[in-house]
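Residues per chain are reported as follows:
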Amino acid sequence: NGYHVRLSVDGADALNQLRRYGADLVISDIEMPTLDGFGLLSAMKQDPALASMPTVGFVSHVQTDLIAAARQAGVGEVLARSAFTMQIAEILSRA
């Protein structure tokens, strides 16, 4: 299985690409510029075409408060960047 990956420069760009192309899985930095991961998720939840897309978020360090807030906001899975990079193959295999 191959993967088709789209990169975004910030959350607003990600939202535009999701609306244009869709996705099987959204992997997002929670701390992006312009529109952060919380804003991206909120916009996705308000758009019926994007609301059910699975999401994985990551943060730069083990920031328990930010991780808890992301989970409460509805991010499917939230990891510190170091754990995320070690688990990327497993995450993609579930998509």
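Structural data are supplied above this passage.
Quick caveat: nothing in here was measured; it's all calculated off a predicted structure.

Draft legend 1. Up close: the overall build of the chain. When its secondary structure is counted, the chain shows 4 helices and 3 strands. Moving toward the C terminus, one meets the helices and strands of the chain in the order α-β-α-β-α-β-α. Compactness check: the chain gives a C-alpha radius of gyration of 12 Å against a globular reference of 12 Å for 95 residues, within 12% of the reference. Taking the principal axes of its C-alpha atoms as reference, the chain extends roughly 35 × 30 × 20 Å. Taking as baseline every contact in the chain between residues at least 6 positions apart, the subset at least 24 positions apart corresponds to 51%.

Draft legend 2. Examining the nonpolar core more closely. Formed by Ala-14, Leu-15, Leu-18, Val-26, Met-32, Leu-40, Ala-43, Met-44, Leu-50 and Met-53, the largest nonpolar core amounts to 10 residues. For this core, the elements supplying multiple residues, two or more each, are α1 (11-21) and α2 (37-46). Setting aside chain neighbours within four positions, we find Met-32 in contact with Asp-10, Gly-11, Gly-37 and Leu-40. Within the second largest apolar cluster, 8 residues are counted, among which are Val-59, Leu-66, Ile-67 and Ala-70.

Draft legend 3. Broad picture of the sheet that holds strand β1 (residues 26-29). The parallel open sheet is built from 3 strands, whose spatial order is β1-β2-β3. Across the chains shown, the open sheet's two edge strands, defined by having one partner strand only, are β1 and β3 (77-80). Ignoring strand direction, the axes of neighbouring strands in this sheet form an average angle of 20°. Inspection of the sheet shows strand β2 (residues 55-59) paired to β3 by 4 bridges, in the parallel sense. Residue pairing for β3: Phe-58 is matched across the bridge by Leu-79. Packing against the sheet, α2 makes contact with β1 and β2, and its axis sits at approximately 145° to β1.

Conventions adopted
Each residue is numbered by its place in its chain's sequence as written, counting from 1. In keeping with the predicted nature of the model, local features appear solely for residues at pLDDT of at least 70, side-chain atom pairs appear and are counted solely at 80 or more, and the whole-chain, interface and lining totals rest on all residues. Excluding hydrogens and water, the side-chain figures rest on all heavy atoms present in the structure. In DSSP terms, a helix is any run of H or I states spanning at least four residues, a strand is any run of E spanning at least two, and both are numbered starting from the N terminus. Atoms counted for the radius of gyration: C-alpha only. Globule rule: 2.2 Å times the number of residues to the power 0.38. In what follows, a contact means two residues having at least one pair of non-hydrogen atoms within 4.5 Å. Within this scheme, the nonpolar core is defined by two criteria: the residues are buried Ala, Val, Leu, Ile, Met, Phe, Trp, Tyr or Cys, and they are joined through side-chain atoms within 4.5 Å. Accessible area is worked out with a 1.4 Å probe on protein chains only. A residue is then buried under 20% of its type maximum, exposed over 50%, and partly exposed in between. In this analysis, strands are considered paired if DSSP registers two or more bridges between them. Helix axes are fitted to C-alpha atoms over the stretch in contact, other axes to C-alpha atoms as well, and angles between N-to-C directions run from 0 to 180 degrees.

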